[in-house]
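The chain contents come next:
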Amino acid sequence: MKQVQYNGLTFVPFISKEEIANRVREIAADIKSDFEGSVPLFICVLNGAFPFAADLFRAVGIDAEITFIRLKSYQGTGTTGAVKEIVGLSENIKDRDIIIVEDIVDTGHTLAKLLVDLKKLEPARIKIATLLFKPEAERNGVKPDYVGFSIDPRFIIGYGLDLDGMARNLEDIYVLKKD
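The notes below deal with the structure included here.

Let's talk about the sheet that holds strand E9 (residues 156-157)
Inference 1: The antiparallel open sheet is built from four strands, whose spatial order is E1-E2-E10-E9. Of all the strands in the sheet, just strand E1 (4-6) and E9 have a single pairing partner and so form its edges.
Inference 2: Of the pairings in the sheet, the one linking strand E2 (residues 9-15) to strand E10 (residues 173-176) comprises four bridges and is antiparallel in character. The residue bridging Ile15 from the neighbouring strand is Ile173, located in E10.

Set out below in structure tokens:
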């Protein structure tokens, strides 16, 4: 892995595609164990969680369904603090087991709003799977049930994570280089 540049910023290798694949398999095994006998609905939060959700959904090994919603709270390298719903949920989730799939839980603003909205629809249970979690940055009491990697609050790109829409298709995860 070599460093990459976007918008004049330099990013260095952080988590390899092999490390990601291993953690996805481990999380999938945990979900399979926890949801055996159920047909959970995976709710992928677009756009960032798409690669993680696709890999996780294929690896879980039980009957399941998947749907997509799109929420946005980032602009550039920082959060705007406001969550704007762009594409909503159309499935009936009453009495369903739900697994929210996120790329990253940072401040928790996005997930906190989503959880409030979903709980109104009376699912049986809601679990959260996130590839990345920044526990030091979390401000809303959101605690993911399945975490790929806990990381420091640094800006990262790749494997779904972007900088103004770019770099989502990188197979590895990169971190903003410190000066």
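Next, the rest of the story.
With respect to the environment of Phe57
Inference 1: Residue placement: Phe57 occurs in helix H2 (residues 50-59).
Inference 2: If near-sequence neighbours (up to four positions away) are discounted, Phe57 is found in contact with Phe42, Ala64, Glu65 and Ile66.

So, helix H1 (residues 17-35)
For an α-helix, 3.6 residues make a turn, and residues three or four places apart therefore share a direction.
Inference 1: Taking 1.5 Å of rise per residue, the 19 residues of H1 would be expected to cover 27 Å, and the 26 Å separating its terminal C-alpha atoms lies within 8% of that figure.
Inference 2: Where H1 terminates, the next one or two residues include Gly37, which has phi positive at roughly 90°.

So, the environment of Phe50
Inference 1: The residue Phe50 is located in helix H2 in this model.
Inference 2: Since its relative accessible area comes to 46%, Phe50 is described here as partly exposed.
Inference 3: Taking the C-alpha atoms as reference points, Phe50 and Lys134, separated by 84 residues in sequence, lie 19 Å from one another.
Inference 4: Aside from chain neighbours lying at most four places away, what touches Phe50 is Cys44 and Phe68.

Here we look at the pattern of salt bridges
Inference 1: Enumeration over the complete set of coordinates arrives at ten salt bridges.
Inference 2: One salt bridge in this structure joins Lys127 and Asp145, with 4.0 Å as the shortest N-O distance. Of the two residues, Lys127 sits in strand E7 (residues 125-133) while Asp145 sits in the loop between E7 and strand E8 (146-150), which places them 18 residues apart along the sequence.
Inference 3: Classification of Asp145 by relative accessible area gives partly exposed; the value is 39%.
Inference 4: As a salt-bridge pair, Asp162 and Arg168 come within 3.2 Å of each other at their nearest N and O atoms.
Inference 5: You can call Asp162 partly exposed: its relative accessible area is 22%.
Inference 6: For Arg168, a relative accessible area of 25% gives the class partly exposed.

The rules behind the values
- Residues numbered from 1 in each chain as written.
- Predicted model: local features only at pLDDT ≥ 70, side-chain atom pairs only at ≥ 80, totals over all residues.
- Heavy atoms only, no water.
- Pairing = 2+ DSSP bridges.
- Helix = DSSP H or I, 4+ residues; strand = E, 2+ residues; numbered from the N terminus.
- Contact = heavy atoms within 4.5 Å.
- Expected span 1.5 Å × (residues − 1).
- Buried < 20%, exposed > 50% of the residue type's maximum accessible area, 1.4 Å probe, protein only.
- Salt bridge = Lys/Arg side-chain N within 4 Å of Asp/Glu carboxyl O.

The quantities given are spatial measurements derived from coordinates; they are silent on function.
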